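Secondary and tertiary structure notes
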Amino acid sequence: METKLYEFGRWIYFDKVTGEILHNTGITQHTDSDYENKRDPFSYAEKLMDRDPNSVGIIKLEPGELEQDFDEGILGRVNPETLELEFVYLDPANPGIPQEPRKPLSVEVDELKQADIENKQAIAELTMMIAAPQA
């Protein structure tokens, strides 16, 4: 009989004030479907053991969420004001010099796609207004 593996997304634990990453569970597979509710990183993760749990924020990502960003960048911090993950990417022109932490590139691409759609709609509306006969 084949054992079923359940895949769980990442849990990111961070300092609520500074945004420092304290623990990243990574993607986990386990045979227990309730595993992620049973694990307690405060009992084994060194940076969490002596922390007041109220000073720690937690962000849960679904399996596969932002995976390309984790593959291509390094999780730098959580922005404590927006609660967005910020990644550090290497500059292709200067690979030895990391860039400043920024929102995930996949999120930036999605935002640019949406802005492009909105711009095209606005241009189409302006074109129709200009082409409309004047009364």
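Described below are features of the structure shown in this document. The shown structure was predicted, so the numbers you read here are calculated from the model rather than taken from an experiment.

All right, on to the side chain of N79 then. If you trace the backbone, N79 turns up in the loop between β6 (74–78) and β7 (85–88). Within the local environment of N79, its side chain forms a polar contact with the backbone nitrogen of E81, the two atoms lying 2.8 Å apart. In this structure the side chain of N79 is engaged in a polar contact, spanning 3.2 Å, whose partner is the backbone nitrogen of T82.

Oppositely charged side chains can form a pair if their charged atoms are brought close together. Inspection of every chain in the model, using the stated rule, returns nine salt bridges. Measuring nitrogen to oxygen at the nearest pair gives 3.9 Å for the salt bridge that ties E36 to R39. Comparing E36 with R39, the two get one shared label, buried.

Once that is clear, we can look at a nonpolar patch on the surface. Among the surface-exposed residues, L126, M129 and I130 lie close enough to one another that they form a single nonpolar patch of about 360 Å² accessible area. Within the secondary structure layout, M129 lies in helix α4 (residues 105–131). With relative accessibility at 57%, the residue M129 sits in the exposed group.

Conventions adopted
Residues numbered from 1 in each chain as written. Predicted model: local features only at pLDDT ≥ 70, side-chain atom pairs only at ≥ 80, totals over all residues. Heavy atoms only, no water. Helix = DSSP H or I, 4+ residues; strand = E, 2+ residues; numbered from the N terminus. Polar contact = N/O pair within 3.5 Å; in protein donor to acceptor, adjacent residues only side chain to side chain. Salt bridge = Lys/Arg side-chain N within 4 Å of Asp/Glu carboxyl O. Buried < 20%, exposed > 50% of the residue type's maximum accessible area, 1.4 Å probe, protein only. Patch = residues over 30% accessible without salt bridge, like charges linked within 9 Å, V, L, I, M, F, W, Y side chains within 5 Å. Areas by Shrake-Rupley, 256 points an atom, 1.4 Å probe, with all protein chains shown as cover.

That's the geometry; what it means functionally is another story.
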